[in-house]
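# Chain and residue survey
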Amino acid sequence: MVEKVYVTYNQVHKLCQASADHMLNEFKPNLMIAIGGGGYVPARILRSFLRKPGSPNIPIQAIGLSLYEQLGTDPQVEQPGKKVTRTQWLDLSSLEMANLIGKNVLIVDEVDDTRTTLEYAVKELEKDVATAAKQAGRGDERATFSIFVLHNKDKEKKGHLPQNMTNEGRYLAARTVGDVWINYPWEATDIEEHDKMAEKQMT
Ligand SMILES: O=P(O)(O)OC[C@H]1O[C@H](OP(=O)(O)OP(=O)(O)O)[C@H](O)[C@@H]1O
Ligand SMILES: Nc1nc2[nH]cnc2c(=O)[nH]1
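Quick summary incoming for the structure in this document. (Residues numbered from 1 in each chain as written. Chains lettered and ligands numbered in written order. Predicted model: local features only at pLDDT ≥ 70, side-chain atom pairs only at ≥ 80, totals over all residues. Heavy atoms only, no water.)

## Comments concerning the packing of aromatic side chains
How two aromatic rings sit relative to each other is set out by the distance from centre to centre and by the angle between their planes. Under the counting rule described, the total for this entry stands at four aromatic pairs. On the basis of an interplanar angle of 55° and a centroid distance of 6.2 Å, the ring pair of Tyr68 and Trp181 is categorised as tilted. Here the residue Tyr68 occupies a position in strand E3 (residues 60-69), and Trp181 occupies one in strand E8 (residues 181-183), the gap between them amounting to 113 residues. Accessibility expressed as a relative area gives 22% for Tyr68, which makes it partly exposed. Owing to a relative accessible area of 12%, Trp181 belongs among the buried residues under this scheme. With 5.1 Å between their ring centres and 5° between their planes, Tyr184 and Trp186 make a pair best called stacked. Through a chain of ring-to-ring contacts, three or more aromatic side chains come together here, namely Tyr9, Tyr184 and Trp186. Over the ring of Trp89 we find Arg86, and its NZ or CZ is 3.9 Å from the ring centre. (Phe/Tyr/Trp six-rings, centres within 6.5 Å; stacked < 30°, edge-to-face > 60°. Helix = DSSP H or I, 4+ residues; strand = E, 2+ residues; numbered from the N terminus. Buried < 20%, exposed > 50% of the residue type's maximum accessible area, 1.4 Å probe, protein only. Lys NZ or Arg CZ within 6 Å of the ring centre and 35° of its normal.)

Structure follows, in structure tokens:
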């Protein structure tokens, strides 16, 4: 059976806090795109740490991508499905996509497992921003994407990120872990029990 790791809200908060300076200094994000559902809470926590005094909050846009489903017998541990499903996307026609042109865009998700979801998000967003730039008569202008995840699993990846993104260090994982299954607090139906399990793992 796969090892399960329980992560608490406090730990998530602190992982975001500890990573924020690096992102402010290196990624200089103008806006965030949270990959839902797991990216929503980290993105919201990050927004407070990325806020510069006297400046407005960085906007958070949301996209919904789903790959995993509960296929096995353990209700907590999901298996990757065959393909990424879009449950929510930015609107090309309503200028949501055009809003990314020329910006530093920070993509936020909670976990990088097989990397399928992140590869899909980056590829599709880059494609759509290029289309939006063409439509807006802004030629070769693009967005500069960077990535933040709470946890990266150190394993062979199915998905790949653009080479310039990795070469330029535009990828940050707060923690690198083995091939374990991580239980995040927002998935818990009994948060007291969840926190007890996390506590037990810390001792
Ligand atoms: O690196 P990968 O193997 O692609 O896995 C990572 C993705 O899997 C999870 O999403 P899931 O499909 O469970 O959707 P959800 O966030 O809506 O639960 C997680 O939120 C990541 O987006
Ligand atoms: N909650 C959760 N979702 C995932 N999606 C892919 N890997 C994971 C994981 O370890 N935990």
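There is more to say after this.
## Structural notes on the site of ligand 2
Lining the immediate surroundings of ligand 2 are Tyr68, Val111, Asp113, Lys153, Val180, Trp181, Ile182, Tyr184 and Glu187. The contact in question runs from an oxygen atom of ligand 2 to an N or O atom on the side chain of Lys153, over 2.6 Å. For ligand 2, a nitrogen atom lies 2.7 Å from a polar atom in the backbone of Ile182. If ligand 2 stood free it would expose 280 Å²; the protein chains cover 94% of that surface. (Near = heavy atom within 4 Å. Polar contact = N/O pair within 3.5 Å; in protein donor to acceptor, adjacent residues only side chain to side chain. Areas by Shrake-Rupley, 256 points an atom, 1.4 Å probe, with all protein chains shown as cover.)

## Examining the nonpolar core
The biggest cluster of nonpolar side chains holds 54 residues, and the ones touching the most others in it are Leu46, Leu100, Leu125 and Phe148. Counting residues per element, the ones that place at least two in this core are helix H1 (9-27), strand E2 (31-36), helix H2 (40-50), E3, strand E5 (104-112), helix H3 (116-135), strand E6 (144-153) and strand E7 (171-177). When residues no more than four places from it in sequence are discounted, the contact partners of Leu100 are Leu31, Ile33, Leu90, Val105, Leu125, Val129, Ala143 and Phe145. (Core = buried A, V, L, I, M, F, W, Y, C linked by side-chain atoms within 4.5 Å. Contact = heavy atoms within 4.5 Å.)

## Looking at H3
Its 20 residues place the ends of H3 29 Å apart at the C-alpha level, agreeing with the 28 Å of an ideal helix rising 1.5 Å per residue. Once H3 ends, the next one or two residues include Gly137, with phi positive near 70°. (Expected span 1.5 Å × (residues − 1).)

## Quick notes on the site of ligand 1
Leu67, Tyr68, Asp109, Thr114 and Thr117 are the nearest of the 17 residues found near ligand 1. The contact in question runs from an oxygen atom of ligand 1 to an N or O atom on the backbone of Gly38, over 3.3 Å. A distance of 2.8 Å separates an oxygen atom of ligand 1 from a polar atom in the backbone of Arg115. Its free accessible area being 500 Å², ligand 1 has 85% of it covered by the protein chains. Mapped onto the shell around ligand 1, the elements with two or more residues apiece are E3, E5 and H3. A per-class count over the shell around ligand 1 returns four nonpolar, seven polar and six charged. (Nonpolar A, V, L, I, M, F, W, Y, C, P; charged D, E, K, R; others polar.)

## Side note on the packing of H1 against H2
At a minimum axis separation of 9 Å, H1 and H2 run at an interaxial angle of 50°. Accordingly, the angle class assigned to the pair H1 and H2 is oblique. As for the relative orientation of H1 and H2, their crossing is right-handed in sense. For the pair H1 and H2, the contacting residues are Val12, His13, Cys16, Gln17, Ala20, Met23 and Leu24 in the first and Pro42, Ile45, Leu46, Phe49 and Leu50 in the second. Classifying every residue of the contact of H1 with H2 gives 10 nonpolar, two polar and no charged. (Axes fitted to C-alpha atoms, helices over the stretch in contact; angles between N-to-C directions. Parallel < 35°, antiparallel > 145°, perpendicular 65-115°, else oblique. Left-handed = near helix turned anticlockwise from the far one by under 90°.)

## Section: unusual backbone geometry
Note the cis peptide between Gly36 and Gly37, where omega equals -5°. Mapping Gly37 onto the fold places it in the loop between E2 and H2. Phi is positive for Leu95, which is not a glycine, with a value near 70°. Relative to the helices and strands, Leu95 resides in the loop between strand E4 (79-88) and E5. Of note in this structure, Arg115 is not a glycine but carries a positive phi near 75°. Following the sequence through the fold, Arg115 ends up in the loop between E5 and H3. Note on Arg115: relative accessible area 16%, which makes it buried.

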